[in-house]
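Tertiary structure, described
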Number of protein chains: 2
Amino acid sequence: MAEIRGRIAGGALPPGDRLPSVRRFAAAMGVSPSTVVEAYDRLEAEGVIRARRGSGFYVTAIGLPRDPPLMALGHADAPRAPDIDPFWVSKQSLDAGPSVLKPGCGWLPDDWMPVSALRKGLRTLARADGALLTEYGGTRGPAALRRLLIGRFAEEGIGATLDQVMLTGSGTQAIDLICRLLLRPGDAVLVDDPCYFNFQALLRAHPVRVVSVPMTPTGPDPAAFERVLVAETPRLYITNSALQNPTGATLSPQTAHRVLTLAQTHGLTIVEDDIFADFEPAPSPRLAILDGLNRVIRIGSFSKTLSSAIRCGYIAARPEWIEALSDLQIATSFGAVSPVAGELVAGILTGGGYRKHMEEVRHRLTRARLEAAEKLGRLGIVPWLMPRGGFYLWCRLPEGLESAMIAGRCREEGVILAPGNVFSVAQSAGAFLRFNVAQMGDPRVLTVLARAMG
Amino acid sequence: MAEIRGRIAGGALPPGDRLPSVRRFAAAMGVSPSTVVEAYDRLEAEGVIRARRGSGFYVTAIGLPRDPPLMALGHADAPRAPDIDPFWVSKQSLDAGPSVLKPGCGWLPDDWMPVSALRKGLRTLARADGALLTEYGGTRGPAALRRLLIGRFAEEGIGATLDQVMLTGSGTQAIDLICRLLLRPGDAVLVDDPCYFNFQALLRAHPVRVVSVPMTPTGPDPAAFERVLVAETPRLYITNSALQNPTGATLSPQTAHRVLTLAQTHGLTIVEDDIFADFEPAPSPRLAILDGLNRVIRIGSFSKTLSSAIRCGYIAARPEWIEALSDLQIATSFGAVSPVAGELVAGILTGGGYRKHMEEVRHRLTRARLEAAEKLGRLGIVPWLMPRGGFYLWCRLPEGLESAMIAGRCREEGVILAPGNVFSVAQSAGAFLRFNVAQMGDPRVLTVLARAMG
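Everything quoted here is computed from the prediction, not taken from an experiment.

Describing the sheet that holds strand S13 (residues 418–419) of chain B
Residue and element names in this part refer to chain B. Pairing in this open sheet of four strands is antiparallel, and the strands run S11-S12-S14-S13 from one edge to the other. Each having just a single partner strand, strand S11 (382–383) and S13 make up the two edges of the open sheet. Pairing of S11 with strand S12 (residues 392–396) involves two bridges; the strand directions are antiparallel. What sits directly across from Pro383, in S12, is Cys395.

The following block contains the structure:
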């Protein structure tokens, strides 16, 4: 079965081609004909091949990779090495049991989250209007939360109207909807290198080419950015501006202006993921603010600050894009965010305690960041930069060590790390690991890590 | 701007082509050159065209329809007539104010829903573990709800394992993920005629052809089904088996067997949407049961029975498909259903009151159905069949009346109807309306309808 699948995936057996006869294939593989019969039967049951009466088996379209990128989503017989699979960290972290330590994961421990505000919000919801608790709600999500976002944008200097904001099931879903609306097969999409691994996983679900620009401590390298725009004419640039994931880098005003000017010249649309905004000690430059939501689309979510268990993201963009994205969301998810989720988020954000909670989280993170850097330093693991905020620390391993290998060893001992190359389109970050400083309280993290480094 | 957009959409101006000069276009349109300059500038700001220095304006790829079906998602200058737009009913119903009557909508009024169970569920959640309230949860959604579904499947005779079930953000999202995994550009997808309008809206977001088979009171017409399988070799058939939307038809055992046999012969995969299952007075035949989740994928949700405001759907299928769909859901939404939503649903389903609640709803619907049929009958509006359950009544208007026209008139008077052709790929249902018998308590529905019928 694996052999036939491989031939189909590799193009040696295109759809419509006849498979080798049972006898010939059995001889070639050195197995009995009945083994081949069983394999063909199973492949037929899966729809990969189809029997035509009296004429043998033929390849259908189903066994084919949809397009090269989607391969990784599928059922490759040989699993990819963790260093090049952008799904590795998320799958490991999401499905890990409670005893597993997760310094590689992308969220705060639950005792850092505003659990009492969530409990209070749920109790308030329990008394809400029956319609709110049972009906789909409007096509763009609850107006209360959208108004609240517009108010926050106004404080930053973005004058958005209600028809420029929609809520989505998550920040990831926001980006996915944008890709579905704006990208066409073969388009190039630009990301930072390194960038959040799920940008890559997401783009594999689209028939596009992914190109990258090296990240610097002040944003993407402007000269490289211009070169890639000229050479590849990407349609979309997907980036984090505040506390970039994984580096924690902060966009400088000069880079922001340069990136936006180049985007204008080359007809590039930008998706700016603002998910870490509230972790900043003070606001840093934003492409969406400079641009005024013209060619920059802002997306965000509350997964990192309020709860990942309540799925809610948003998109702020030109009204005509919001209209088309909202239609697309009806078509593909029927309705926007859960009104119950939207109401819960709005309630907590306006509850008064939110700013104080985030202030405490920021202080706690500052301490944890310094402590983690100090401990890692003792192992020769050095931060690429000290971020102004957030929970990530992007660190270089001592010379000669490969992060995928270290991550594999630590996984066996119940510690999930995030090896550098899952973040790197160019696969140039094999010497790096991303640490979540809030998930390093348990001393076993450092013990296991030290042992894995040999 | 509309003229240029139209030429681009129509293919008269393909990407890369130069636009007419400002002077020539101004003369052709009978407007001043400055008007054309402004229009070109705005189109450039939108990215639809791009200026090349000293050489004029050129068409970019962005103005293009992504593929013919997606046109309807976009920004057509002339809105489509309501009878041929599958978005019309959902957008009208979702965004309607509380004073609007919605006999065309697809959900029960909130006072028919288990509001007190939801309130109790929210209060229970308020005391839940902090991790449940704040973390993403596993890649396939909370195991409690998945186990509960497996238990229900077992009662029906489907022996599914935990790795065959995943939770999704909604039933619609479940179908969308399946389409993304299994369909390739140009594939044909088969739906019933009439069918749930959002199947059509959803399929417009995929580069596929939609073909249809006429619905009969006992399922799709078997002879037509075979003809379309031979002629179009569709990859996927998307259907409701229990209380089909909009007709309320019930699949017969003979048709179920015939459809499944033909699917096997022609390599067709079937998505069976089970969303109305709990509205049946007694279980009717199911393709997923006959087939044992081999080439039939079962999807469902709790939006019609528990709450539409808590987004939660599911997919039950072969383990290898669930694995690939789960990866795709991580890539495109990061994680499955909200764990909070999943827990709430599981809590209510196991709470004991659910079966009793649904029994009451079924009795109430029987009365409402008879009452609605009687009232509509007085206007000469006659049900195509009397469904065994559910809240839909698919009705034929008196000779000579067109449902889109009636729906348009009623909308102006604050009553949203569901005109037949939004459900019909072949546009053959202009004489039909779908009524939601639970939304017809207000006497104004019939008054406004009678007036609209002249």
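Description of the packing of helix H9 (residues 197–204) of chain A against helix H13 (residues 319–333) of chain B
Across the interface, H9(A) lies against H13(B) with an axial gap of 8 Å and an inter-helix angle of 120°. Taken together, H9(A) and H13(B) sit at an angle that is classed as oblique. Two packed elements cross with a definite hand, and for H9(A) against H13(B) that hand is left-handed. Between H9(A), through A:Asn198, A:Ala201 and A:Leu202, and H13(B), the contact on the second element is made entirely by B:Ile330, B:Ala331 and B:Thr332. In the contact of H9(A) with H13(B), the residues fall into four nonpolar, two polar and no charged.

Notes on the domain arrangement of chain A
Structurally, chain A comprises domain 1 (2–59), domain 2 (82–113 + 355–452) and domain 3 (115–353). Computed over C-alpha atoms only, the centres of domain 1 of chain A and domain 2 of chain A are separated by 45 Å.

Things to note about the sheet that holds strand S3 (residues 165–168) of chain B
By way of backbone hydrogen bonds, the strands of a sheet pair with one another, either parallel or antiparallel. Residues and elements named next belong to chain B. Strand order in the open sheet formed by eight strands is S3-S10-S9-S8-S7-S4-S5-S6, and the pairing between neighbours is mixed. Each edge of the open sheet carries a strand with a single partner, namely S3 and strand S6 (219–220). Direction of pairing for strand S4 (residues 188–193) relative to strand S5 (residues 209–216): parallel, over a ladder of six bridges. In the strand pairing of S5, Asp193 is matched with Pro214.

Some details on the pattern of salt bridges
All names here are of chain A. According to the stated counting rule, one finds 33 salt bridges over all chains in the structure shown. A salt bridge links Glu371 to Lys375; its shortest N-O distance comes to 3.8 Å. Of this pair, Glu371 and Lys375 are both found in helix H15 (residues 353–378), four residues apart, which corresponds to roughly one turn of the helix. Through salt bridges with shared partners, one network takes in Glu156, Asp274, Glu280, Arg286, Arg298 and Arg388.

Things to note about the interface of chain A and chain B
Between chain A and chain B, the residue contacts involve 87 residues of the former and 86 residues of the latter. In this assembly, chain A and chain B are joined by four salt bridges. A salt bridge links B:Asp176 to A:Arg180; the nearest nitrogen and oxygen atoms lie 2.6 Å apart. At the boundary of chain A and chain B, one finds 34 residue pairs in polar contact (both at pLDDT 80 or more). Looking at the side of chain A that touches chain B, the elements that each hand over two or more residues are helix H3 (33–45), helix H4 (88–94), helix H5 (115–125), helix H6 (130–134), helix H8 (171–182), H9, helix H13 (319–333) and helix H14 (339–350) of chain A. Looking at which element gives the most residues to the side of chain A that touches chain B, the answer is H13(A), with 10 residues. Of the residues in the side of chain A that touches chain B, the class split is 43 nonpolar, 21 polar and 23 charged.

Quick word on the packing of helix H16 (residues 403–412) of chain A against helix H17 (residues 444–452) of chain A
All names here are of chain A. Between H16 and H17, the least distance of the axes is 9 Å, while the angle of their chain directions is 125°. One finds that H16 runs oblique with respect to H17. The interaxial crossing formed by H16 with H17 has right-handed handedness. Contacts between H16 and H17 involve Ile406, Arg409 and Cys410 from the former and Val448, Leu449 and Ala452 from the latter.

Examining the packing of aromatic side chains
One pass over the full model with this rule turns up 35 aromatic pairs over all chains. Ring geometry for A:Phe279 and A:Phe391: centres 5.4 Å apart, planes at 90°, overall edge-to-face. Linking A:Phe279 in the loop between strand S8 (269–273) and helix H12 (287–291) with A:Phe391 in the loop between strand S11 (382–383) and strand S12 (392–396), this pair joins segments that are 112 residues apart in sequence. For A:Phe391, a relative accessible area of 1% puts it in the buried group. Taking 6.3 Å as the distance between ring centres and 50° as the angle between the ring planes, the aromatic pair formed by B:Phe276 and B:Phe279 counts as tilted. Here B:Phe276 matches B:Phe279 in class, with each residue buried. Taken together, the ring pairs in this structure connect A:Tyr136, A:Phe334, B:Trp107, B:Tyr196, B:Phe197, B:Phe199, B:Trp394, B:Phe423 and B:Phe432 into an aromatic cluster. Sitting over the face of the ring of A:Trp321, A:Arg318 holds its NZ or CZ atom 4.0 Å from the ring centroid.

Side note on the side chain of A:Thr247
All names here are of chain A. Residue placement: Thr247 occurs in the loop between strand S7 (236–240) and helix H11 (253–266). A distance of 2.6 Å separates the side chain of Thr247 from the side chain of Gln244, its partner in a polar contact. Engagement of the side chain of Thr247 in a polar contact is seen with the backbone nitrogen of Ala249, the distance being 3.1 Å. With near-sequence residues (within four places) excluded, Thr247 lies in contact with Pro194, Met215, Trp384, Leu385, Pro387 and Trp394.

Some thoughts on the side chain of A:Thr168
All names here are of chain A. For Thr168, the position within the fold is in strand S3 (residues 165–168). Owing to a relative accessible area of 0%, Thr168 belongs among the buried residues under this scheme. Side-chain polar atoms of Thr168 contact the backbone oxygen of Ser170, separated by 2.8 Å. Among all residues touching Thr168, those that are not within four sequence positions of it are Gln173, Ala174, Leu177, Arg311, Cys312, Gly313, Tyr314, Ile315, Gln329 and Val337.

Side note on H13(A)
All names here are of chain A. The end-to-end C-alpha separation of H13 is 20 Å, in line with the 21 Å expected for 15 residues at 1.5 Å each. Judged by how many residues are buried, H13 sits mostly within the fold: 12 of 15 residues are covered. Inspection of H13 places Trp321, Ile322, Ala324, Leu325, Ser326, Asp327, Leu328, Gln329, Ile330, Ala331, Thr332 and Ser333 among the buried residues, and these make up the whole buried set. Following H13 by one or two positions, Phe334 has its phi on the positive side, about 45°.

About the cut-offs
Residues numbered from 1 in each chain as written. Chains lettered and ligands numbered in written order. Predicted model: local features only at pLDDT ≥ 70, side-chain atom pairs only at ≥ 80, totals over all residues. Heavy atoms only, no water. Pairing = 2+ DSSP bridges. Helix = DSSP H or I, 4+ residues; strand = E, 2+ residues; numbered from the N terminus. Axes fitted to C-alpha atoms, helices over the stretch in contact; angles between N-to-C directions. Parallel < 35°, antiparallel > 145°, perpendicular 65-115°, else oblique. Left-handed = near helix turned anticlockwise from the far one by under 90°. Contact = heavy atoms within 4.5 Å. Nonpolar A, V, L, I, M, F, W, Y, C, P; charged D, E, K, R; others polar. Domains from an automatic or database assignment. Salt bridge = Lys/Arg side-chain N within 4 Å of Asp/Glu carboxyl O. Polar contact = N/O pair within 3.5 Å; in protein donor to acceptor, adjacent residues only side chain to side chain. Phe/Tyr/Trp six-rings, centres within 6.5 Å; stacked < 30°, edge-to-face > 60°. Buried < 20%, exposed > 50% of the residue type's maximum accessible area, 1.4 Å probe, protein only. Lys NZ or Arg CZ within 6 Å of the ring centre and 35° of its normal. Expected span 1.5 Å × (residues − 1).

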